[in-house]
2 protein chains.
Amino acid sequence: MLDLKYPRKTKTKTNMKKILVIGAGLSTSSLLRYFTQNAEKEGWLIRVGDQDGALAASKVANCKNAEGFELDGLDEEQRSPLIEWADLVISMLPARFHVEVAKDCIKHKTNLITPSYISDEMKALNQAAIDAGIVIMNEIGVDPGIDHMSAKKILDEIEEAGGKMHIFESFTGGLVAPESDDNPWNYKFSWNPRNVVLAGQGGAAKFIQEGQYKYIPYHRLFRRTEFIEIPGYGKFEGYANRDSLKYRDVYNLQDIPTIYRGTFRRKGFSKAWDCFVQLGATDDSYILEGSKNMTRRDFINSFLPYNVNDSVELKLRHYLKIDQDDPMFMKLEWLGIFDKVKYDFETDVTPAQFLQRILADKWKLGPDDKDMIVMWHKFVYKINGEFKEINSHMVVKGEKQPYTAMSTTVGLPAGICAKMILNDTIQIKGVQLPIHKEIYEPILEELEKFGIVFHEQEVVEPVLYI
Amino acid sequence: MLDLKYPRKTKTKTNMKKILVIGAGLSTSSLLRYFTQNAEKEGWLIRVGDQDGALAASKVANCKNAEGFELDGLDEEQRSPLIEWADLVISMLPARFHVEVAKDCIKHKTNLITPSYISDEMKALNQAAIDAGIVIMNEIGVDPGIDHMSAKKILDEIEEAGGKMHIFESFTGGLVAPESDDNPWNYKFSWNPRNVVLAGQGGAAKFIQEGQYKYIPYHRLFRRTEFIEIPGYGKFEGYANRDSLKYRDVYNLQDIPTIYRGTFRRKGFSKAWDCFVQLGATDDSYILEGSKNMTRRDFINSFLPYNVNDSVELKLRHYLKIDQDDPMFMKLEWLGIFDKVKYDFETDVTPAQFLQRILADKWKLGPDDKDMIVMWHKFVYKINGEFKEINSHMVVKGEKQPYTAMSTTVGLPAGICAKMILNDTIQIKGVQLPIHKEIYEPILEELEKFGIVFHEQEVVEPVLYI
């Protein structure tokens with residue numbers, strides 16, 4: 001059992017603000033650094049529970065106001081007294097578990113922050129949260145999170161000035177910093193590899209362009225990219241996210257003719273990645289019979305027509321129409337997909353699992369590598385009969401690990417938001433997103449002190465589609 | 001309420017054999033003709049229940065031993081006394097409802113026949129069926145059904161002769177007869193249009209070739225066709241069915257190096273159909289926002305990149321790399337997909353539903369049109385150190401509607417099987433498929449009298465993949 005060395009809220013009222021963090025995984029490093037560095041000044045008591053108690057303890061070891069311990073965040077009996085104790089909870093659990101935590105928070109009148117996408121079940125708790133006098137802040141990481149705040153800031157400014165939005169585009173990418181970019185894919189994993197392998201799956205990408213609905217099926221997604229240049233960082237390419245349409249409601253842009261959200265990769269990535277999509281190697285919906293005993297070469301060959309004489313290399317080139325001198329082929333070769341190397345899978349796996357295994361070694365962020373988050377928005381609006389365009393971008397590079405750009409841009413917005421809820425700078429109640437000025441303005445301001453800065457520029461000749 | 005003019009089995013024993021048919025839809029026409037024509041000779045009493053009582057009555061109007069009536073086949077209270085009355089039930093309900101009927105049949109010790117694929121729940125009833133002393137015969141239509149019987153006959157012959165199977169391939173297609181083939185797709189709907197639009201979806205196609213597992217994702221399926229020539233009928237092309245691997249167990253061919261099952265279309269169909277697959281127009285997984293008000297042209301345009309100047313035609317040609325003189329484009333134009341014609345959908349629909357609506361008009365089997373079923377098997381086996389190859393094919397053309405080839409090849413195997421169960425020619429019990437000699441032999445023999453004949457020939461030089 002836990003040693004509850006700090007008194008519970010229901011028993012004793014202290015002046016200290018009590019924070020409970022559920023989960024101490026990779027993405028919490030910067031968040032916990034922010035908390036521990038500010039604990040004394042802000043008068044915070046911080047408790048961090050994780051399945052791995054030692055890990056949780058190690059992350060707050062340097063802070064006398066904080067303790068880490070073993071916690072099964074899915075166990076209500078363990079979780080509930082801690083939520084009762086806290087003034088504010090940050091749930092870093094997988095997204096599907098947030099609603100249970102939220103219900104506990106409502107019961108114990110404890111504020112809640114999660115970086116995850118809001119679910120319909122979560123939305124349904126709005127009135128209960130208001131009645132409990134708490135805020136449940138969702139989508140306050142990087143994407144979603146910083147994207148909302150930075151976009152909404154400019155959207156609100158345009159609206160206040162009397163402008164009418166015509167085009168909104170927004171791209172974010174979790175990439176490798178140029179100084180650590182040493183592979184032909186210009187990509188390394190700075191986030192859950194599984195999500196990267198499955199990116200874009202589960203339905204057609206939806207958006208609207210000049211009032212026309214547009215749909216891209218998964219097997220075309222990586223061939224319908226846009227190129228964007230970020231000043232000082234060169235060219236990126238973006239592919240469409242699953243559902244851009246829903247952001248019309250989120251951003252109050254119901255009548256906007258064009259809205260498009262996407263994901264950044266370095267130029268050339270998507271075309272090469274599409275080879276795996278075309279083969280069927282990213283499929284996670286079935287078990288690949290025989291895959292336990294397949295070499296990487298066998299794996300690729302299982303998606304190619306049978307022929308006893310032709311090489312797997314030539315069959316792949318022919319099947320995917322890859323020219324002899326196409327650098328894309330070099331990307332594939334560099335991954336070792338044609339090697340006769342076996343893995344030690346215990347059972348047969350899905351194609352996506354096999355591919356992830358190949359990539360995990362090759363796209364690993366080395367111990368001294370730095371990652372990079374790139375975000376870019378485009379706003380075209382009409383004001384006084386004229387079209388205007390503003391572009392806005394942000395680039396954040398990681399520090400020494402584990403303080404990656406990913407960890408920092410996910411953790412700091414949540415950490416700052418926590419501070420502002422606890423010191424009443426943010427007073428909004430209910431189930432919220434960070435799309436209101438009273439939320440995004442102070443958070444964006446403090447983020448700038450950490451180098452998370454948006455650079456805005458007006459484009460002299462707006463780029464329209466018409 | 002029904003007028004039960006024939007005594008129930010539990011009350012009176014008559015010498016008449018009692019048959020209950022549940023469902024009187026399109027596919028039952030030939031089955032009911034077989035029953036009514038043989039009723040007097042065989043001493044059958046036949047009851048046909050359908051949601052549309054008038055339809056059921058009309059289909060057996062010419063037979064004094066038969067009656068049709070309104071029946072909700074999903075309502076156990078209505079269904080159960082009829083199953084109790086019958087000696088044998090034929091369930092033509094949608095496949096997912098068969099298990100409930102089967103449970104009633106076990107309870108009342110009534111034999112059951114269905115043309116649908118056997119489910120795991122159905123398999124689980126095997127012992128209960130044996131204990132009840134009944135047979136539950138599944139997959140006894142055309143595909144599945146005639147394919148099993150005709151293949152297993154030759155497979156058993158090869159095994160008896162001491163041969164060892166090396167390659168088994170099997171293709172079936174429901175097509176339009178040459179004399180009614182007057183559109184550029186060489187295709188008309190002779191079966192559920194929805195199944196045609198969704199064909200191949202729901203997972204990669206799986207098969208094995210020379211011991212190597214092969215997987216084809218949906219978006220590649222229609223580009224990995226094989227060409228087969230059927231003597232007297234010209235060239236067909238086949239695309240792979242979802243799961244050929246499971247037939248290794250069904251046919252007791254666990255170690256066979258190559259097994260491949262597929263679907264026939266006329267040559268050129270698949271490449272043109274692939275245009276819709278590539279666009280994403282066959283997707284049934286999401287509602288196409290705005291589709292209620294889309295013209296056919298808008299529908300196609302929603303899958304193409306936005307451009308204010310370029311035509312939908314040119315964008316499609318460019319996107320799918322269709323040459324100016326490619327006859328495939330003519331196929332697409334012939335469907336009217338570029339016309340500014342709206343439908344009267346009441347709500348937004350899925351892409352697949354929109355496409356089905358376009359095709360329903362264009363691929364309709366006209367009132368005087370004849371359909372055609374084509375089946376082809378290839379057997380390569382080793383005997384006395386030598387490879388041998390046998391090909392076997394069947395072509396059945398429809399009579400005047402509603403006696404289509406589809407109705408006849410689905411209904412006759414079931415009807416003949418019913419007769420043989422009732423007259424004890426088939427004595428097997430339990431949950432079965434028509435893969436045993438005692439079942440397939442007499443049925444294939446009688447099918448020949450109806451022109452459902454397999455032509456076998458030995459191939460002089462076996463076609464191997466090695």
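Residues numbered from 1 in each chain as written. Chains lettered and ligands numbered in written order. Predicted model: local features only at pLDDT ≥ 70, side-chain atom pairs only at ≥ 80, totals over all residues. Heavy atoms only, no water.

1. Quick notes on the overall build of chain A
Then comes step 1: Tallying secondary structure elements over chain A gives 17 helices and 16 strands in all.
Then comes step 2: For a compact globule of 466 residues, the expected C-alpha radius of gyration is about 23 Å, and chain A comes in at 24 Å, within 12% of that figure.
Then comes step 3: Counting over 466 residues, chain A shows a buried share of 60%.
Then comes step 4: Summed over all atoms, the accessible surface of chain A reaches about 19300 Å², with 47% contributed by carbon and sulfur. (Helix = DSSP H or I, 4+ residues; strand = E, 2+ residues; numbered from the N terminus. Rg over C-alpha atoms; globule rule 2.2 N^0.38 Å. Buried < 20%, exposed > 50% of the residue type's maximum accessible area, 1.4 Å probe, protein only. Areas by Shrake-Rupley, 256 points an atom, 1.4 Å probe, with all protein chains shown as cover.)

2. A look at the sheet that holds strand 1 (residues 17-22) of chain A
All names here are of chain A.
Then comes step 1: Pairing is parallel across the open sheet formed by seven strands, whose spatial order is 3-2-1-4-5-6-15. Both edges of this open sheet fall to strand 3 (66-70) and strand 15 (430-432), since each of them pairs with a single strand only. Sheet twist, expressed as the mean angle between neighbouring strand axes with direction ignored, is 15 degrees.
Then comes step 2: In this sheet, strand 3 lies alongside strand 2 (residues 44-50) in parallel orientation, the contact comprising five bridges. From the neighbouring strand, Asp-50 faces strand 3, where its bridge partner is Glu-70. (Pairing = 2+ DSSP bridges. Axes fitted to C-alpha atoms, helices over the stretch in contact; angles between N-to-C directions.)

3. Some remarks on the packing of helix 7 (residues 146-160) of chain B against helix 17 (residues 437-449) of chain B
All names here are of chain B.
Then comes step 1: Where helix 7 meets helix 17, the closest approach of the two axes is 10 Å, and the angle between their N-to-C directions is 120 degrees. As helix 7 runs across helix 17, the sense of the crossing is left-handed. Every residue of helix 17 that contacts helix 7 at Ile-146, Met-149, Ser-150, Lys-152, Lys-153, Asp-156 and Glu-160 is listed here: Lys-437, Tyr-440, Ile-443, Leu-444 and Leu-447. (Left-handed = near helix turned anticlockwise from the far one by under 90°. Contact = heavy atoms within 4.5 Å.)

4. Thoughts on a positive patch on the surface
Then comes step 1: Taken together, the side chains of Arg-223 and Lys-321 of chain A together with Arg-223 and Lys-321 of chain B present a region of like positive charge at the surface.
Then comes step 2: Looking at the element boundaries, Arg-223 of chain B is found in the loop between helix 9 (218-221) and strand 10 (226-230). (Patch = residues over 30% accessible without salt bridge, like charges linked within 9 Å, V, L, I, M, F, W, Y side chains within 5 Å. Salt bridge = Lys/Arg side-chain N within 4 Å of Asp/Glu carboxyl O. Lys, Arg positive; Asp, Glu negative; His and termini not counted. Charge placed at Lys NZ, Arg CZ, Asp CG, Glu CD.)

5. Focus: the interface of chain A and chain B
Then comes step 1: Across the boundary between the two partners, chain A contributes 36 residues, which contact 36 residues of chain B.
Then comes step 2: Across the interface of chain A and chain B, roughly 3200 Å² is buried in total on both sides, 51% from carbon and sulfur atoms.
Then comes step 3: Here Arg-248 of chain A makes a salt bridge to Glu-289 of chain B, at a shortest N to O gap of 2.7 Å.
Then comes step 4: For the interface between chain A and chain B, the tally reads 24 residue pairs in polar contact (both at pLDDT 80 or more).
Then comes step 5: Secondary-structure elements contributing two or more residues to the side of chain A that touches chain B are strand 8 (205-209), strand 9 (212-216), helix 9 (218-221), helix 11 (269-279) and helix 13 (312-319) of chain A.
Then comes step 6: Looking at the side of chain A that touches chain B element by element, the count peaks at four residues for strand 9 of chain A.
Then comes step 7: When grouped by side-chain class, the residues that make up the side of chain A that touches chain B number 20 nonpolar, eight polar and eight charged. (Buried area = accessible area lost by both parts, 1.4 Å probe. Polar contact = N/O pair within 3.5 Å; in protein donor to acceptor, adjacent residues only side chain to side chain. Nonpolar A, V, L, I, M, F, W, Y, C, P; charged D, E, K, R; others polar.)

6. Focus: the packing of aromatic side chains
Residue and element names in this part refer to chain B.
Then comes step 1: Using the criterion set out here, one finds 66 aromatic pairs over all chains in the structure.
Then comes step 2: Geometrically, the ring pair formed by Tyr-247 and Tyr-251 is tilted, given 5.7 Å between the ring centres and 55 degrees between the ring planes. Note on accessibility: Tyr-247 and Tyr-251 belong to one class, buried.
Then comes step 3: Consider the rings of Phe-269 and Trp-363, whose centres lie 5.6 Å apart with planes at 45 degrees: the pair is tilted. Of this pair, Phe-269 sits in helix 11 (residues 269-279) while Trp-363 is found in the loop between helix 15 (351-362) and strand 13 (371-383), placing the two residues 94 residues apart along the sequence. The same class applies to Phe-269 and to Trp-363, which are both buried. (Phe/Tyr/Trp six-rings, centres within 6.5 Å; stacked < 30°, edge-to-face > 60°.)

7. Remarks on the relation of the copies chain A and chain B
Then comes step 1: With an axial shift of 0.1 Å and an RMSD of 0.1 Å, the rotation relating chain A to chain B amounts to 180 degrees. Here the two chains are linked by the operation of a two-fold rotation axis. Across chain A, the rotation axis passes nearest the C-alpha of His-219 of chain A, at a separation of 3.4 Å.
Then comes step 2: Same-surface contact between copies: 100% of interface residues of chain A are shared with the interface of chain B. (Least-squares fit on C-alpha atoms with pLDDT ≥ 70 in both.)

8. Brief notes about unusual backbone geometry
Comment: phi is negative for the bulk of residues other than glycine, and the bulk of peptide bonds are trans.
Then comes step 1: A cis amide bond links Gln-401 of chain A to the next residue, Pro-402 of chain A, at an omega of 10 degrees.
Then comes step 2: Examined against the element boundaries, Pro-402 of chain A turns out to sit in the loop between strand 14 (386-397) and helix 16 (405-422).
Then comes step 3: A positive phi angle is found at Asp-424 of chain B, which is not glycine, with a value near 65 degrees.
Then comes step 4: Residue placement: Asp-424 of chain B occurs in the loop between helix 16 (405-422) and strand 15 (430-432).

9. A few points about the environment of Arg-317 of chain B
Then comes step 1: By the element assignment, Arg-317 of chain B lies in helix 13 (residues 312-319).
Then comes step 2: A sequence separation of 12 residues divides Arg-317 of chain B from Phe-329 of chain B, and the C-alpha atoms of the two residues are 8.0 Å apart.

10. Description of the nonpolar core
Then comes step 1: Core analysis: the largest hydrophobic core is formed by 109 residues, its most contacted members being Trp-185, Trp-273, Phe-276, Phe-299, Ile-300 and Leu-316 of chain A.
Then comes step 2: A total of seven residues in this core trace back to one element, the largest contributor, which is helix 11 of chain A.
Then comes step 3: Once residues lying within four places of it in the same chain are set aside, the contact partners of Phe-276 of chain A are Trp-185, Ala-281, Thr-282, Ile-300, Leu-332, Leu-335, Ile-337 and Leu-355 of chain A.
Then comes step 4: Judged by nonpolar contacts, the second largest core, of 64 residues, contains Ile-216, Tyr-239, Phe-276 and Met-294 of chain B. (Core = buried A, V, L, I, M, F, W, Y, C linked by side-chain atoms within 4.5 Å.)

11. Re the side chain of Asn-391 of chain A
Then comes step 1: The residue Asn-391 of chain A is located in strand 14 in this model.
Then comes step 2: Those residues in contact with Asn-391 of chain A, other than ones at most four positions away along the chain, are Trp-376, His-377, Lys-378, His-455, Glu-456, Gln-457 and Val-459 of chain A.

12. Notes on the domain arrangement of chain A
Residue and element names in this part refer to chain A.
Then comes step 1: Here chain A is partitioned into domain 1 (17-137), domain 2 (146-272 + 367-459) and domain 3 (287-349).
Then comes step 2: Spacing between the C-alpha centres of domain 1 and domain 2 amounts to 26 Å.
Then comes step 3: Opposite the 33 residues of domain 1 that make contact, domain 2 presents 32 residues.
Then comes step 4: For the domain 1 and domain 2 pair, buried surface summed over both sides reaches about 2500 Å², with 70% attributable to carbon and sulfur atoms.
Then comes step 5: On the domain 1 side of the interface with domain 2, the three residues burying the most area are Arg-33, Tyr-34 and Met-137, jointly 25% of the side's total.
Then comes step 6: Counting every contact that joins domain 1 to domain 2 gives one salt bridge. (Domains from an automatic or database assignment.)

13. Details of helix 4 (residues 98-108) of chain A
Residues and elements named next belong to chain A.
Then comes step 1: Taken across its 11 residues, helix 4 has eight buried, putting it largely inside the fold.
Then comes step 2: If you check which residues of helix 4 are buried, you get His-98, Val-99, Val-101, Ala-102, Asp-104, Cys-105, Ile-106 and His-108.
Then comes step 3: Looking one or two residues beyond helix 4, the residue adopting positive phi is Lys-109, at roughly 55 degrees.

14. Description of empty space enclosed by the protein
Residues and elements named next belong to chain A.
Then comes step 1: Tallied over the entire structure, the rule returns one cavity of 30 Å³ or more.
Then comes step 2: Considered as a void within the structure, the largest cavity measures approximately 30 Å³ in volume.
Then comes step 3: Every residue along the wall of the largest cavity is listed here: Val-196, Ala-199, Phe-222, Tyr-239, Arg-265, Phe-269 and Trp-273.
Then comes step 4: The residue makeup of the lining of the largest cavity, split by class, is six nonpolar, no polar and one charged. (1 Å grid on protein atoms, 1.4 Å probe; cavity = no way out; pocket = protein on both sides within 12 Å on 5 of 7 lines; lining within 4 Å. Points joined across faces, edges and corners; volume = space filled by probe spheres on them.)

15. Let's talk about the pairing of strand 7 (residues 164-176) of chain A
For a regular strand, the rule is simple: side chains alternate between the two faces of the sheet.
All names here are of chain A.
Then comes step 1: Within strand 7, 12 of the 13 residues are buried, which leaves the element mostly enclosed by the surrounding structure.
Then comes step 2: Across 12 bridges, the pairing between strand 7 and strand 13 (residues 371-383) is antiparallel. Paired with Phe-171 across the strands is Trp-376, a residue of strand 13.
Then comes step 3: In the sheet, strand 7 pairs with strand 12 (residues 258-266) via six bridges, with the strands oriented parallel. Bridging across to strand 12, Phe-168 finds its partner in Ile-259.

16. Description of the confidence of the model for chain A
Then comes step 1: With 97% of its residues at a pLDDT of 70 or more, chain A has an overall mean of 94.
Then comes step 2: What the predictor reports for the complex is a pTM of 0.88 with an ipTM of 0.83. (pLDDT = per-residue confidence, 0-100.)

17. Overview of helix 13 of chain A
Then comes step 1: Taken together, the buried positions of helix 13 of chain A are occupied by Val-312, Lys-315, Leu-316, Arg-317 and Tyr-319 of chain A.
Then comes step 2: Contact partners of the buried residues in helix 13 of chain A: helix 11, helix 12 (296-301) and helix 14 (327-334) of chain A together with strand 9 (212-216) and helix 9 of chain B.
Then comes step 3: Within two residues after helix 13 of chain A, Lys-321 of chain A carries a phi angle of roughly 55 degrees, on the positive side.

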